[in-house]
Amino acid sequence: MSSFLLDVMEGRYTTSSTIFCTQSKQEDWHAMLGGNTQAEAIIDRIVQNSITITLGNLNMRALRNPLMKYKNVKE
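Rules used throughout
- Residues numbered from 1 in each chain as written.
- Predicted model: local features only at pLDDT ≥ 70, side-chain atom pairs only at ≥ 80, totals over all residues.
- Heavy atoms only, no water.
- Patch = residues over 30% accessible without salt bridge, like charges linked within 9 Å, V, L, I, M, F, W, Y side chains within 5 Å.
- Areas by Shrake-Rupley, 256 points an atom, 1.4 Å probe, with all protein chains shown as cover.
- Salt bridge = Lys/Arg side-chain N within 4 Å of Asp/Glu carboxyl O.
- Helix = DSSP H or I, 4+ residues; strand = E, 2+ residues; numbered from the N terminus.
- Core = buried A, V, L, I, M, F, W, Y, C linked by side-chain atoms within 4.5 Å.
- Buried < 20%, exposed > 50% of the residue type's maximum accessible area, 1.4 Å probe, protein only.
- Contact = heavy atoms within 4.5 Å.
- Polar contact = N/O pair within 3.5 Å; in protein donor to acceptor, adjacent residues only side chain to side chain.
- 1 Å grid on protein atoms, 1.4 Å probe; cavity = no way out; pocket = protein on both sides within 12 Å on 5 of 7 lines; lining within 4 Å.
- Points joined across faces, edges and corners; volume = space filled by probe spheres on them.
- Nonpolar A, V, L, I, M, F, W, Y, C, P; charged D, E, K, R; others polar.

**Q** Explanation requested: a nonpolar patch on the surface in the structure shown.
**A** On the surface, Ile51, Ile53, Leu55, Leu58, Met60 and Leu63 cluster together into a nonpolar patch covering about 730 Å² of accessible area. Relative to the helices and strands, Ile53 is located in the loop between α3 (37–47) and α4 (60–64).

**Q** For this particular structure, what's the right way to read the nonpolar core?
**A** Generally speaking, a soluble globular protein has its nonpolar side chains buried in company with each other. By size, the foremost hydrophobic cluster in this structure holds 10 residues: Leu5, Leu6, Met9, Trp29, Leu33, Ala39, Ala41, Ile42, Ile43 and Ile46. For this core, the secondary-structure elements that each account for two or more residues are α1 (2–12) and α3. Of the residues forming this core, the biggest block, five residues, is contributed by α3. Residues in contact with Leu5, not counting those within four places in the same chain, are Phe20, Leu33 and Ile42.

**Q** Please explain α3 as it appears in this structure.
**A** Helical periodicity: at 3.6 residues per turn, an α-helix aligns residues three or four positions apart in one direction. Within α3 the residues assigned to the buried category are Ala39, Ala41, Ile42, Ile43 and Ile46. Buried positions along α3 lie against α1 and α2 (29–32). The backbone nitrogen of Gln38 lies 3.2 Å from a side-chain oxygen of the residue at the head of α3, namely Asn36. Phi for Asn49, located one or two positions after α3, is positive at around 60°.

**Q** In this structure, what is going on with the layout of surface pockets? I would like to understand it.
**A** The gaps left among the atoms become clear once a water-sized probe is rolled over them. Volume-wise, the largest pocket comes out at about 1400 Å³. Forming the boundary of the largest pocket are 34 residues, of which Phe20, Cys21, Thr22, Ser24 and Ile53 lie nearest the centre. Of all the secondary structure elements, the ones that give two or more residues to the lining of the largest pocket are α1, α3 and α4. Ranked by residue count, the leading element in the lining of the largest pocket is α3, at three residues. Residues that form the lining of the largest pocket fall into these classes: 13 nonpolar, 16 polar and five charged. Computed from the structure, the second largest pocket encloses a volume of approximately 210 Å³. Taken together, Met1, Leu5, Phe20, Cys21, Thr22, Ser24, Trp29, Met32, Leu33 and Ile46 form the lining of the second largest pocket. Tallied by class, residues from the lining of the second largest pocket come to eight nonpolar, two polar and no charged.

**Q** Looking at this structure, I do not really get the pattern of salt bridges. What am I missing?
**A** Where charged atoms from two side chains of opposite charge come close, those side chains can pair. In the structure shown here, the tally under the stated rule is one salt bridge. Between Arg45 and Glu10 there is a salt bridge, with its nearest N and O atoms 2.6 Å apart. One end of the pair, Arg45, is in helix α3; the other, Glu10, is in helix α1, with 35 residues separating them in the sequence. Look at Arg45 and you get partly exposed, because its relative accessible area is 23%.

Take a look at the structure:
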């Protein structure tokens, strides 16, 4: 999968905009992408000239359903 993502990022780098939406923290990306030089290349292309918007621990399900605040279920 990381080879495919690297090909996509290489093709779009400096020519097109790309939006990434993730629930993972940015510092966890390297390990999730395999922790190798390919992962570093992908992250470099994503982070270079990027704008990062972090929403924190916002949980829309809990906001919509007040009963979820009291459940001990991981989503």
